[in-house]
Protein chains: 2
Amino acid sequence: MTDIFVLNEAQLRGCVTLNLAAVEVVEDAFRALASGKVVMPPILSMDLPAVHGEVDVKTAWIPGFDGFAIKVSPGFFDNPKIGLPSLNGLMILFSARTGLVEALLLDNGYLTDVRTAAAGAVAARHLAPATVTTAGVLGGGVQARLQIEAAHLVRPFNRVLVWARRDDAAAACAADISARLGIEAVTATAEAVVRESQLVITTTPAREPILKTDWLHPGMHITAMGSDQAGKCEIDPAAIDRADLYVCDRLSQAAMLGELRAARAAGVLVGSDPPELGAVVAGNAPGRRHASDITICDLTGTGAQDTAIATFALRAARAAGAGTVIQS
Amino acid sequence: MTDIFVLNEAQLRGCVTLNLAAVEVVEDAFRALASGKVVMPPILSMDLPAVHGEVDVKTAWIPGFDGFAIKVSPGFFDNPKIGLPSLNGLMILFSARTGLVEALLLDNGYLTDVRTAAAGAVAARHLAPATVTTAGVLGGGVQARLQIEAAHLVRPFNRVLVWARRDDAAAACAADISARLGIEAVTATAEAVVRESQLVITTTPAREPILKTDWLHPGMHITAMGSDQAGKCEIDPAAIDRADLYVCDRLSQAAMLGELRAARAAGVLVGSDPPELGAVVAGNAPGRRHASDITICDLTGTGAQDTAIATFALRAARAAGAGTVIQS
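None of these values were measured; they are calculated from a predicted model.

## Observations concerning unusual backbone geometry
Here is step 1 of the chain: The residue Asn108(A) is not glycine, and still its phi comes out positive at about 50°.
Here is step 2 of the chain: By the secondary structure assignment, Asn108(A) is in the loop between β6 (101–106) and α3 (110–127).
Here is step 3 of the chain: A positive phi is found at Leu269(B), a non-glycine position, where the angle reads about 60°.

Printed below as a string of structure tokens:
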């Protein structure tokens, strides 16, 4: 019999905030990835066409972390028809020393939202120009809001441009960002978003490039976090070719699921091993060299981030006295 | 907010018993595997040499089942030094229609024990001689006891022979079996166990064959369930070559983790696709043809069994009014 800490989504939202501390713990995970000592198996992915669903399982063991998370992310895309969200899931935190279950984090994807946005902040911190006055986002969903909020922690821009496929979604997103950060946020065309921003984040499920090469300009950084499946692609392969630096979160994943897949299919970055974000964070690979550089970071989402945010959440919950305890 | 059913090990032991109903539900899972409509991704396996540990994640979606399980099985082999069991883990049962978490089964491996033994019963039912008077087991652990108990449900033998590497373990196992089933159970040499039994179950973590070809005799069945890793092997490859029929639970797994791996490495069953147990259960492949046949079944453990037993456990718990409910 051991105690297992259980936290539901409301409790987790109450004690885990997207702040610099969350960014730091995710940055620690990227730094650890660069050490070569992280154990991170390939994603277990189960496609369920019969029920229009899919399930992904991610995990990673990181030296120095007390626990490791196993995250289960189901996506069942007919759920909205019956009034349920498509995405759900939970994280299970195990002791890294004994393998015993320490916590069940019934977050319905909330912690994934936070750690995904936090990774965007890590990318912006290490790759974006030192001064960003305008940030832009392509996409109008939850991650559009959170990525901008996270980036603002490390690059305090005062203007945000938003484009989304649906105008009303873009307007709602801009209004939310403005209210949340207390800065100007307005809608724009995708082209204007990219041309006028020093930091651009792409957060769409696009399957054809939406960010065109012609729109690139010196002194900008792009974080592409939408592509996490073999069929997705947000950035024109020629834009990746044109950039001064391409960095990804995990090379083995990006080559299968990220922008790198489509880029290589188009003959870009074939036969080269671009650096991982962790190597840049750890100082093992160069990041931005010149203010005028164009840099791109391709994020597919790693189990290491899940272990980091789950560890962070349990610590925060304990400090806040949140959650309930059950006996195993 | 949805209700999630939580059951701990004690509650699960109280309502899930290794009986014919459990065998039937696992047999249903094998039958479904033969339909080709089960979605069962490869096992996610994480080796953690730094802490002398490993973690396996298994899952399967089976048409006709209300839920699918994701099972996490950590093994941390230094745990006994601090008074903890090496093996732990839990199953999470999701709705097969919405992907929402339905139940957390904090079984510490108990349900795995039951479904593994139940698979042995399915193998014995379809492959063992119709009449078994003596059953034998190599190994003296939990599965030695449970495999014999499960086999007795489908072949009511009246004598059991037990061999284990340690004599005291074999004696304790025989005494437990005798007390549990009310039949004669005694220790013997490995050779005598095999020579005198019509049904033999191997349950060891052996890395070199312990069951020798010379010991085989007409009219016997062997279920090998110990090997579940690439380095393990219980049955002499020549014995597999000599058998009239070799069957495995899942060909893709057996070729990597089961007796089939070592057999093929020794040149046996190379280039042939032996039948899976599900095909035999479904009547799509022949099982035993003659009373004098020697048959072998190689079990590595499948996610389909986990989904079956988790579904069974939730049904049993609901019927018994066991468990607690938490809000997601």
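## Some details on the interface of chain B and chain A
By convention, interface size is frequently given as the accessible area that disappears when the constituent parts associate.
Here is step 1 of the chain: Counting residues at the interface gives 42 residues for chain B, matched by 42 residues for chain A.
Here is step 2 of the chain: Of all elements in the fold, only β1 (3–8), β2 (44–48), β3 (53–60), β4 (67–76), β5 (90–95), β6 (101–106) and β14 (324–327) of chain B reach the threshold of two or more residues within the side of chain B that touches chain A.
Here is step 3 of the chain: Of the residues in the side of chain B that touches chain A, the class split is 27 nonpolar, 12 polar and 3 charged.

## Considering the packing of helix α2 (residues 20–34) of chain A against helix α11 (residues 303–320) of chain A
All names here are of chain A.
Here is step 1 of the chain: Two elements in contact, α2 and α11, have axes whose closest approach is 9 Å; the angle formed by their N-to-C orientations is 140°. Looking at the two axes, α2 sits oblique to α11. The hand of the α2/α11 crossing is right-handed. Each of Ala 22, Val 25, Val 26, Asp 28, Ala 29, Ala 32 and Leu 33 in α2 lies in contact with α11, whose residues at this interface are Ala 304, Gln 305, Thr 307, Ala 308, Ile 309, Thr 311 and Phe 312.
Here is step 2 of the chain: Class assignment for the residues of the contact of α2 with α11 results in 10 nonpolar, 3 polar and 1 charged.

## As for the environment of Ala172(B)
Here is step 1 of the chain: As for its position among the elements, Ala172(B) is in helix α5 (residues 167–181).
Here is step 2 of the chain: Considered as a pair, Ala172(B) and Glu191(B) are 19 residues apart in the sequence and their alpha carbons are 19 Å apart.

## Description of the nonpolar core
Soluble globular proteins tend to pack their nonpolar side chains together in the buried interior.
Here is step 1 of the chain: By size, the foremost hydrophobic cluster in this structure holds 228 residues, and its most contacted members are Val26(A), Leu105(A), Val162(A), Val26(B), Leu105(B) and Val162(B).
Here is step 2 of the chain: Setting aside anything within four residues of it in sequence, one finds Val26(A) in contact with Arg115(A), Ala118(A), Ala119(A), Val122(A), Gln305(A), Ala308(A) and Ile309(A).

## Notes on the sheet that holds strand β7 (residues 134–138) of chain A
Residue and element names in this part refer to chain A.
Here is step 1 of the chain: Spatial ordering of the open sheet is given by β9-β8-β7-β10-β11-β13-β12, a layout of 7 strands whose pairing is parallel. Each edge of the sheet is formed by a strand with only one pairing partner; in this case those strands are β9 (184–187) and β12 (245–248). Neighbour-to-neighbour, the strand axes of the sheet open up by a mean angle of 15°, direction not taken into account.
Here is step 2 of the chain: Here β7 pairs with strand β8 (residues 159–163) via 5 bridges, running parallel. What sits directly across from Ala 135, in β8, is Val 160.
Here is step 3 of the chain: Of the strands in this sheet, β10 (199–202), β11 (220–224), β12 and β13 (294–298) touch α3, which is tilted by about 160° from β11.

## A look at the domain arrangement of chain A
All names here are of chain A.
Here is step 1 of the chain: Assigned domains within chain A: domain 1 (3–112 + 304–327) and domain 2 (120–302).
Here is step 2 of the chain: On the domain 2 side, the residues contacting the 14 residues of domain 1 number 15 residues.
Here is step 3 of the chain: At the level of secondary structure, the elements contributing two or more residues to the side of domain 1 that touches domain 2 comprise α2 and α11.
Here is step 4 of the chain: Top element by residues in the side of domain 1 that touches domain 2 is α2. It accounts for 8 residues.
Here is step 5 of the chain: Of the residues contributing to the side of domain 1 that touches domain 2, the split by class is 10 nonpolar, 2 polar and 2 charged.

## Details of the environment of Ala322(B)
Residue and element names in this part refer to chain B.
Here is step 1 of the chain: With respect to the secondary-structure elements, Ala 322 resides in the loop between α11 (303–320) and β14.
Here is step 2 of the chain: When the 18 C-beta atoms within 10 Å are taken as the criterion, Ala 322 is described as partly exposed.
Here is step 3 of the chain: Considering only alpha carbons, one finds Ala 322 and Asn 8, 314 residues apart in sequence, at a separation of 9.7 Å.
Here is step 4 of the chain: Each residue touching Ala 322, except ones within four places of it in the same chain, is listed here: Leu 7, Gln 11, Gly 14, Cys 15 and Ala 317.

## Observations regarding helix α5 (residues 167–181) of chain A
Residue and element names in this part refer to chain A.
Here is step 1 of the chain: With 15 residues, α5 extends 21 Å between its outermost C-alpha atoms, agreeing within 8% with the 21 Å of an ideal straight helix rising 1.5 Å per residue.
Here is step 2 of the chain: Buried residues of α5: Ala 170, Cys 173, Ala 174 and Ile 177, and no others. End-on, the buried residues of α5 take up no more than an arc of 100°, which puts them together on one face. Across from the buried face of α5, at angles greater than 90 degrees, the exposed residues are Asp 168 and Ala 179.
Here is step 3 of the chain: Just beyond α5, the residue with positive phi is Gly 182, at close to 70°.

## Some points on helix α2 (residues 20–34) of chain B
All names here are of chain B.
Here is step 1 of the chain: In this model α2 runs 21 Å from its N-terminal to its C-terminal C-alpha over 15 residues, within 8% of the 21 Å that 1.5 Å per residue would give.
Here is step 2 of the chain: For α2, the set of buried residues is Ala 22, Val 23, Val 25, Val 26, Glu 27, Asp 28, Ala 29, Phe 30, Arg 31, Ala 32 and Leu 33.
Here is step 3 of the chain: Close packing links the buried residues of α2 with α3 (110–127), α4 (142–154), α10 (277–282) and α11.
Here is step 4 of the chain: Immediately beyond the C-terminal end of α2, within one or two residues, lies Gly 36, with a positive phi of roughly 80°.

Procedures and definitions
- Residues numbered from 1 in each chain as written.
- Chains lettered and ligands numbered in written order.
- Predicted model: local features only at pLDDT ≥ 70, side-chain atom pairs only at ≥ 80, totals over all residues.
- Helix = DSSP H or I, 4+ residues; strand = E, 2+ residues; numbered from the N terminus.
- Contact = placed C-beta atoms within 7 Å.
- Nonpolar A, V, L, I, M, F, W, Y, C, P; charged D, E, K, R; others polar.
- Axes fitted to C-alpha atoms, helices over the stretch in contact; angles between N-to-C directions.
- Parallel < 35°, antiparallel > 145°, perpendicular 65-115°, else oblique.
- Left-handed = near helix turned anticlockwise from the far one by under 90°.
- Core = buried A, V, L, I, M, F, W, Y, C linked by C-beta atoms within 7 Å.
- Buried ≥ 20, exposed ≤ 12 C-beta atoms within 10 Å, placed from the backbone.
- Pairing = 2+ DSSP bridges.
- Domains from an automatic or database assignment.
- Expected span 1.5 Å × (residues − 1).
- Arc of directions from axis to C-beta.

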